[in-house]
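Architecture at a glance
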Amino acid sequence: MYILSEKEFEDILVIHPELIEDGLVLLERQGQLENRRTDLIFADKDSNLLLTELKRDIITMESVEQILDYRGRLKKQVDKNIRAMLIGQEVPGDIQDICLSNNIEWKEIRTEELFNYLMENDPNLYQSIFIEGKLYKEAVGVPRLSFQDYLNATSSPLGGPYTSYQFFAPIDASPGLSNNNKENQLVANEFMNLIKNHHFNRRLFQGIVHIKRLDEPPEWSVTAKGAWQGYVVHYKLTSNQRSIPCEIYLGTIGYRGNKSTFADEKSRFLVTRIGKGKKQITTQYGFHKYLNTNKKELLPYYELKFNAKGLPKKYWDDVYRLLNDNGYQVEDLNGKNNKILWLGKIGLSEDSDQQVGNLLKGLFAITILKAHYKGKEKGYVFDFLQ
């Protein structure tokens, strides 16, 4: 018997959801909520949401925990009846008992059952399983009702209207975002245009470092198969007769949970970069995280998030100390142990140009420190920071 991959298993159920039950309409594939994904989301014939978690083999407790977590998160955001179902080759008796006590449905769909069904009802698809890529291509072409359209339905038994941006908002979305994704997009775009046109010329670290924008227009860039699309603005860093190329990037960096945060369903990021190639060091600033839409401003701080792979933990306290020693203000966020760099007011006002410069100065300062602590092999060592 041919062994299906989990991806092929999912593709078949996308093309033939009646194998699960009649009357299903596909809403999402690999639908993301915060940092959790579920395999398939359907609307059933009674207008309920049906979450499914698929396993090619035996359903385990891990699958139960995954779908419980996703269902719990989704219930906080969507005013709909939500069903949860685990689907696999086998659902052991102890897992069935756990599902029963947690109101989780389950269904065993064995490979033999799939093949017999396809041989009888879809012989072309049955043949295509054995031809690499064809199954996936057919599954991609299956029409679906977008989840947002489903939630916004006003003249159908699906109910509505539903206007919350929260379902597709990232887990770290700003509390100042508007429910109106068009307004979010307009304000974010204004800030991005200000930054793109800002002629940054500042000295950092008590005047030892000088960063100046080069006299050339922003360059449109498309990378990572189109996931990154935006403008690159070039700068030069000089310090102690040393010169290092720098740039900022303004644009998208993939999905990032922004489908409904911004009207065009694209993310919006500012990335400061120091150096080139394998030694390039970056710092990301997501507008979804700091936008205060109705006040037309950005939150006045930047959260200092590092990870041990990007910057070893033993250096974090040194980074905080050096920022404080050089005129920056590092604080705890809301009394928690999350460190922030205080930047001050950044709004769309007469003083916007100066305020945007303060934002760039802070982000470049962080990036310089990260480059220094990465060392000369992976970054750039600055003598004055030794």
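Provided above is the structure to which this section pertains.
Below or above, wherever it landed, is the structure these notes cover. (Residues numbered from 1 in each chain as written. Predicted model: local features only at pLDDT ≥ 70, side-chain atom pairs only at ≥ 80, totals over all residues. Heavy atoms only, no water.)

Details of the packing of aromatic side chains
Throughout the structure, instances matching the rule amount to 16 aromatic pairs. Measuring from ring centre to ring centre gives 6.0 Å for Tyr 285 and Tyr 302, while their planes differ by 20 degrees; the resulting arrangement is stacked. Of this pair, Tyr 285 sits in strand E12 (residues 281–286) while Tyr 302 sits in strand E15 (residues 301–303), and the two are 17 residues apart along the sequence. Assigned by exposure class, Tyr 285 and Tyr 302 land together as buried. Among the aromatic residues, those joined into a cluster by ring pairs are Tyr 285, Phe 287, Tyr 290, Tyr 301, Tyr 302 and Trp 342. (Phe/Tyr/Trp six-rings, centres within 6.5 Å; stacked < 30°, edge-to-face > 60°. Helix = DSSP H or I, 4+ residues; strand = E, 2+ residues; numbered from the N terminus. Buried < 20%, exposed > 50% of the residue type's maximum accessible area, 1.4 Å probe, protein only.)

Brief notes about the sheet that holds strand E17 (residues 339–342)
Taken together, three strands build an open sheet; the order of strands is E15-E17-E16 and the sheet is antiparallel. Every interior strand has two partners, whereas the edge strands, E15 and strand E16 (329–332), have only one. Direction aside, neighbouring strands of the sheet carry axes that sit 30 degrees apart on average. Those strands touched by helix H10 (residues 316–325) are E16 and E17, and its axis lies near 130 degrees from that of E16. (Pairing = 2+ DSSP bridges. Axes fitted to C-alpha atoms, helices over the stretch in contact; angles between N-to-C directions. Contact = heavy atoms within 4.5 Å.)

Overview of the side chain of Thr 283
Positionally, Thr 283 belongs in strand E12. A distance of 2.8 Å separates polar atoms of two side chains, one belonging to Thr 283 and the other to Thr 367. Within the structure, the side chain of Thr 283 is placed 3.2 Å from the side chain of Lys 370, a separation counted as a polar contact. For Thr 283, the residues in contact, after removing those within four places along its chain, are Leu 270, Val 271, Thr 272, Tyr 302, Leu 363, Ile 366, Thr 367 and Lys 370. (Polar contact = N/O pair within 3.5 Å; in protein donor to acceptor, adjacent residues only side chain to side chain.)

Describing the environment of Ser 178
Topologically, Ser 178 is positioned in the loop between helix H7 (147–152) and helix H8 (181–197). Separated by 83 residues in sequence, Ser 178 and Thr 261 place their C-alpha atoms 8.4 Å apart. Only 3.2 Å separates the side chain of Ser 178 from the side chain of Glu 183, close enough to count as a polar contact.

Re helix H4 (residues 111–121)
Buried within H4 are the following residues: Thr 111, Leu 114, Phe 115 and Leu 118. With its buried residues spanning 95 degrees around the axis, H4 presents them on a single face. Exposed residues pointing more than 90 degrees away from the buried face of H4 are listed as Glu 112 and Glu 120. (Arc of directions from axis to C-beta.)

What about unusual backbone geometry?
The phi angle at Ser 47 is positive, at roughly 70 degrees, despite the residue not being glycine. Structurally, the position occupied by Ser 47 is in the loop between strand E2 (36–43) and strand E3 (49–58). Unlike most non-glycine residues, Gln 206 shows phi in positive territory, near 55 degrees. On the basis of relative accessible area, Gln 206 is assigned to the exposed category, the value being 69%.

Observations concerning a nonpolar patch on the surface
A contiguous nonpolar patch, built from Trp 220, Val 222 and Tyr 231 and spanning about 300 Å² of accessible area, is present on the exposed surface. In this structure, Tyr 231 sits in strand E9 (residues 228–239). (Patch = residues over 30% accessible without salt bridge, like charges linked within 9 Å, V, L, I, M, F, W, Y side chains within 5 Å. Areas by Shrake-Rupley, 256 points an atom, 1.4 Å probe, with all protein chains shown as cover. Salt bridge = Lys/Arg side-chain N within 4 Å of Asp/Glu carboxyl O.)

Observations regarding H8
The terminal C-alpha atoms of H8, which comprises 17 residues, lie 24 Å apart, in line with the 24 Å expected from a rise of 1.5 Å per residue. Considered for burial, the residues of H8 that qualify are Asn 184, Gln 185, Val 187, Ala 188, Phe 191, Met 192, Ile 195 and Lys 196. A distance of 2.9 Å separates the backbone nitrogen of Lys 182 from a side-chain oxygen at the start of H8, and that oxygen is part of Asn 180. (Expected span 1.5 Å × (residues − 1).)

What about the sheet that holds strand E14 (residues 297–298)?
Taken in spatial order, the three strands line up as E13-E14-E18 in an open sheet, and their pairing is antiparallel. The sheet terminates laterally at strand E13 (291–292) and strand E18 (346–347), the two strands that pair on one side only. Where E13 meets E14, two bridges bridge the pair, whose relative direction is antiparallel. Within E14, the residue paired with Leu 291 across the bridge is Leu 298.

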